[in-house]
Amino acid sequence: MKKLVIMGALVGAIALFVFAQPSSAKESDEAEIRTMEAAMMTAFAAKDLDHALAGYVQDDTLFVFDAIPPRQYVGIKAWRADNEGFLALFQGPVKAEMSDLSVTTNGKLGFGHNIQHFSGTGKDGKPIDLTLRVSDGYKKINGKWVIVEEHISFPVDITTGKADFSSKP
């Protein structure tokens, strides 16, 4: 009887270890991605493009559908040039905020979505106020999570055909 109790406890401990590992690894992966996304937003607010783009795969495999033309950007160089143009729209500081970040991972791949809000003063002195919907595809490469695919969009008012830059849920 004593052997059965010990054997049962041992099997239970092994099962707990086996089933707890993926959950804690998954939580760790999701936390790493959340930290990366937050750092990128902080860097955008500081107009620090090197750090703002550090969370993306740094080669020509990056694929981005942006909300503005051209329709797509392939590779980090093209995405960097687009973001240089975006930050150049602002005179002075940029306010960059993220909300509603949802992240799901399975060990090597993940996806997430969030809402990003950018505001500030344009070069023309007029206010800029943009709310974007962002969906990201993540991949763990050499132990580090990076964005390998991104899709940015605005809701569109079907009756006018115009983008809704300040949409609320």
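In case you missed it, the structure is sitting above this.
Thresholds, definitions, all that
- Residue numbering note: each chain is counted from 1, following its sequence as written.
- Restriction of local features to residues with pLDDT of at least 70 applies here, the model being predicted, together with a cutoff of 80 or more for giving and counting side-chain atom pairs; totals for whole chains, interfaces and linings are based on all residues.
- Only heavy atoms go into the side-chain values, all of them from the structure, while hydrogens and water stay out.
- Take the buried Ala, Val, Leu, Ile, Met, Phe, Trp, Tyr and Cys residues and link them wherever side-chain atoms come within 4.5 Å; each set so joined is a nonpolar core.
- Only protein chains enter the accessibility calculation, which uses a 1.4 Å probe. A residue is then buried if its area is under 20% of the maximum for its type, exposed if over 50%, and partly exposed in between.
- Secondary structure elements are taken from DSSP: a helix is a run of H or I of four residues or more, a strand is a run of E of two residues or more, and numbering for both begins at the N terminus.
- By the convention used here, residues are in contact when the closest approach between their heavy atoms is within 4.5 Å.
- We define a salt bridge as a side-chain nitrogen of Lys or Arg found within 4 Å of a carboxyl oxygen belonging to Asp or Glu.
- Only centres within 6.5 Å qualify two rings of Phe, Tyr or Trp (six-membered ring in Trp) as a pair; their planes then separate them into stacked at under 30 degrees, edge-to-face at over 60, and tilted for everything else.
- Paired strands are those between which DSSP finds at least two bridges.
- Throughout, an axis means a line fitted to C-alpha atoms (over the contacting stretch in the case of helices), and angles, computed between N-to-C directions, take values from 0 to 180 degrees.

**What to know about the nonpolar core**
Generally speaking, nonpolar side chains in soluble globular proteins are found buried as a group.
Move 1: Counting residues in each nonpolar core, the largest one holds 34 residues, and the members touching the most others are F44, L53, Y56, L62, W79, F118 and Y138.
Move 2: Elements with a minimum of two residues in this core: α1 (2-45), α2 (49-52), α3 (76-88), β3 (90-105), β5 (127-141) and β6 (144-153).
Move 3: Among the elements that make up this core, the one with the highest residue count is α1 (six residues).

**Structural notes on unusual backbone geometry**
Move 1: Here P69 and P70 are connected by a cis peptide whose omega angle stands at 0 degrees.
Move 2: Residue position: P70 is located in the loop between β1 (63-65) and β2 (72-74).
Move 3: Positive phi, close to 60 degrees, is recorded for K47, a residue that is not glycine.
Move 4: Within the fold, K47 resides in the loop between α1 and α2.
Move 5: Despite not being glycine, N142 has its phi angle at roughly 50 degrees, a positive value.
Move 6: By secondary structure assignment, the location of N142 is in the loop between β5 and β6.

**Thoughts on the environment of S99**
Move 1: With respect to the secondary-structure elements, S99 resides in strand β3.
Move 2: Beyond its immediate sequence surroundings of up to four residues, S99 is in contact with N114 and I115.

**Concerning the pattern of salt bridges**
Any two side chains of opposite charge can pair, on the condition that their charged atoms come close.
Move 1: Under the defined criterion, the tally for this structure stands at four salt bridges.
Move 2: Notably, a salt bridge pairs D29 with K140, separated by 3.0 Å at the nearest N-O pair. In this pair, D29 is assigned in helix α1 and K140 in strand β5, connecting sequence segments 111 residues apart.
Move 3: Bridged by salt links that share partners, the residues D50, R80 and E84 form one connected network.

**Brief notes about the packing of aromatic side chains**
Move 1: For the structure on display, the rule yields seven aromatic pairs.
Move 2: Relative to W79, the ring of Y56 has its centre 6.2 Å away and its plane inclined at 65 degrees; by these criteria the two rings are edge-to-face. Within this pair, whereas Y56 is found in the loop between α2 and β1, its partner W79 is found in helix α3, the two being separated by 23 residues in sequence. The exposure classification of Y56 matches that of W79, with both residues buried.

**Focus on the sheet that holds strand β4 (residues 109-122)**
Move 1: Strands sit in the order β2-β1-β6-β5-β4-β3 across an open sheet of six strands; the sheet is mixed. What marks the edges here is a single partner per strand, and that holds for β2 and β3. The average angle at which neighbouring strand axes cross in this sheet is 25 degrees, direction not considered.
Move 2: In this sheet, β6 lies alongside β1 in parallel orientation, the contact comprising three bridges. Bridge pairing in β6 links F63 to E149.

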